[in-house]
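Summary of the model geometry
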Amino acid sequence: MSKSIEVIVVDPFAETITKKEISDNESPEEFSKMLNCDAFDVVRLGDDVIMYIDDNGLLHETNRYFKLESETASYTYAGIGILACDDGEGGTVSFDKDIKNVEKLIEFMPEGHKEEPFMKFVTIN
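Reading the values: the criteria
Residues numbered from 1 in each chain as written. Predicted model: local features only at pLDDT ≥ 70, side-chain atom pairs only at ≥ 80, totals over all residues. Heavy atoms only, no water. Salt bridge = Lys/Arg side-chain N within 4 Å of Asp/Glu carboxyl O. Helix = DSSP H or I, 4+ residues; strand = E, 2+ residues; numbered from the N terminus. Buried < 20%, exposed > 50% of the residue type's maximum accessible area, 1.4 Å probe, protein only. Pairing = 2+ DSSP bridges. Contact = heavy atoms within 4.5 Å. Polar contact = N/O pair within 3.5 Å; in protein donor to acceptor, adjacent residues only side chain to side chain. Core = buried A, V, L, I, M, F, W, Y, C linked by side-chain atoms within 4.5 Å.

Right, let's get into the pattern of salt bridges. A pair can form between side chains of opposite charge whenever their charged atoms are brought close. Counted according to the given criterion, the structure contains 6 salt bridges. R44 is paired through a salt bridge with D86; the nearest N and O atoms lie 2.7 Å apart. Taken together, the positions of R44 in strand 3 (residues 40–46) and D86 in strand 7 (residues 81–86) put the pair 42 residues apart, joining distant regions of the chain. K97 is the partner of D96 in a salt bridge, and the nearest nitrogen-oxygen pair spans 2.9 Å.

Here it is, written out as structure tokens:
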């Protein structure tokens, strides 16, 4: 059943981190519109936190980037990111963490910063 959820939007173009509402958490079109992209991916960040991100972000000639740092890893992402939570059954629910903690983990990269796309294959033992 779809429902309205609160998410955190990381916008490296405006260099803002804001709370926003998605009125239908089962609507890919709403996520695409907010991300300003046609195809998106979901990145698991740990615990129940997930991030929606432009799947083709690294392929755009001009883009803006942000770095997300945690105690265990640091990754740079291209384009707008949407932080939400996973309900444990594959559904997306409201982001329930403090936005001030998110602000401490985000660094906006300077204009002109560029990341090269890469693929990583991980063997399963």
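After presenting the structure, the write-up continues.
This paragraph deals with the pairing of strand 1 (residues 5–11). Burial within strand 1 is extensive, with 6 of its 7 residues counted as buried. Pairing of strand 1 with strand 2 (residues 16–22), which is carried by 7 bridges, proceeds in the antiparallel orientation. Of the residues in strand 2, the one forming a bridge with E6 is E21. Remark: 4 residues form the turn of the hairpin made by strand 1 and strand 2, two consecutive strands paired antiparallel; E15 in that turn has positive phi of roughly 55°. Bridge analysis of strand 1 against strand 7 gives 3 bridges, and the strand direction is antiparallel. Among the inter-strand pairings, V10 is bridged to a residue of strand 7, identified as G81.

Let's shift gears to the environment of N63. By the element assignment, N63 lies in the loop between strand 4 (49–54) and strand 5 (65–69). Taking the C-alpha atoms as reference points, N63 and E15, separated by 48 residues in sequence, lie 13 Å from one another. Among all residues touching N63, those that are not within four sequence positions of it are F13, G57, A78 and G79. A polar contact is formed between the side chain of N63 and the backbone nitrogen of G79, at a distance of 3.5 Å.

The next thing to look at is the nonpolar core. By size, the foremost hydrophobic cluster in this structure holds 16 residues, and its most contacted members are I8, F66, L83, F95, V102 and I106. Listed in part, the 12 residues of the second largest apolar core include V9, I22, I82 and A84.

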